[in-house]
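# Chains, contacts and geometry: an overview
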Amino acid sequence: MLAYLRDAYGGIEYEDITTNLATNAVPDAQPGDIIAYDWSGDGTIDHIALVVSIASGQYPVVAEWGTYSGGQASPYTSRGWTYSAKNHTWLQSERNQANMRAYLLHFAALSGTF
């Protein structure tokens, strides 16, 4: 998906921010960017979240909406990018996320208007 977005739309930059889980800081993140999560590290993006603000320490705050197992509404109206409200834990400490990858998608200025 990441390569597709870059190639099809241009102006989309992305970086692997998996190592940033250790500090929570993502210095390049800006409101409007997207954080994409690959839960199993298999190259498939499983979840995305919109960066809505940057908290102290360059910590992105994200918002999202959707459903998860059982059709329940997601509890993620706003959260830090490394926190799982569903599981009440930090993503970097979840055993089942050992292979998880995270990517920051930044939409660079595009020529023209929408």
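In this report, the structure presented in the accompanying data block is examined. (Residues numbered from 1 in each chain as written. Predicted model: local features only at pLDDT ≥ 70, side-chain atom pairs only at ≥ 80, totals over all residues. Heavy atoms only, no water.)

### Examining the overall build of the protein
- For the protein, the helix and strand inventory stands at one helix and 10 strands.
- Tracing the protein from N to C terminus, the helices and strands come up as α-β-β-β-β-β-β-β-β-β-β.
- Burial status across the protein gives 38% buried among its 114 residues.
- Sequence separation of at least 24 residues holds for 47% of the intrachain contacts in the protein that already meet a minimum separation of 6.
- Carbon and sulfur atoms provide 53% of the accessible area of the protein, an area that totals close to 6700 Å². (Helix = DSSP H or I, 4+ residues; strand = E, 2+ residues; numbered from the N terminus. Buried < 20%, exposed > 50% of the residue type's maximum accessible area, 1.4 Å probe, protein only. Contact = heavy atoms within 4.5 Å. Areas by Shrake-Rupley, 256 points an atom, 1.4 Å probe, with all protein chains shown as cover.)

### Comments concerning the sheet that holds strand 3 (residues 47-55)
- The strand order across the open sheet formed by six strands is 1-10-2-3-4-7, and the pairing between neighbours is antiparallel. Two strands lie at the open edges of the sheet, namely strand 1 (12-16) and strand 7 (79-80), each paired on one side alone.
- Note: strand 2 (residues 34-38) against strand 10 (residues 101-107), five bridges, orientation antiparallel. In the sheet register, I35 faces strand 10, and the bridge partner there is L104. (Pairing = 2+ DSSP bridges.)

### Some thoughts on the environment of W81
- Looking at the element boundaries, W81 is found in the loop between strand 7 and strand 8 (83-84).
- Residue class for W81 comes out buried when judged on its relative accessible area of 0%.
- Residues W81 and V61, spaced 20 residues apart in sequence, show a C-alpha to C-alpha distance of 5.8 Å.
- Residue contacts for W81: discarding those within four places in its chain leaves I17, N20, L21, N24, V26, I35, Y37, Y59, P60, V62, L91 and A102.

### A short note on the pairing of strand 3
- Of the strand pairs in this sheet, strand 2 and strand 3 are connected by four bridges, and their pairing is antiparallel. Among the inter-strand pairings, I35 is bridged to a residue of strand 3, identified as A49.
- When strand 3 meets strand 4 (residues 59-63), the two strands line up antiparallel, connected through five bridges. Its bridge partner being in strand 4, I54 is matched across the sheet by P60.
- Taking the residues that link successive antiparallel strands as the turn, the strand 3-strand 4 hairpin has three residues, and the phi of G57 there is positive, at about 80°.

### A word on the nonpolar core
- Ranked by internal contacts, the top residues of the largest apolar core, which has 15 residues, are I17, I35, Y37 and W81.
- Of all the secondary-structure elements, those providing two or more residues to this core are strand 2, strand 3, strand 4 and strand 10.
- Among the nonpolar cores identified, the runner-up in size contains five residues, and A36, I45, Y103 and L105 belong to it. (Core = buried A, V, L, I, M, F, W, Y, C linked by side-chain atoms within 4.5 Å.)

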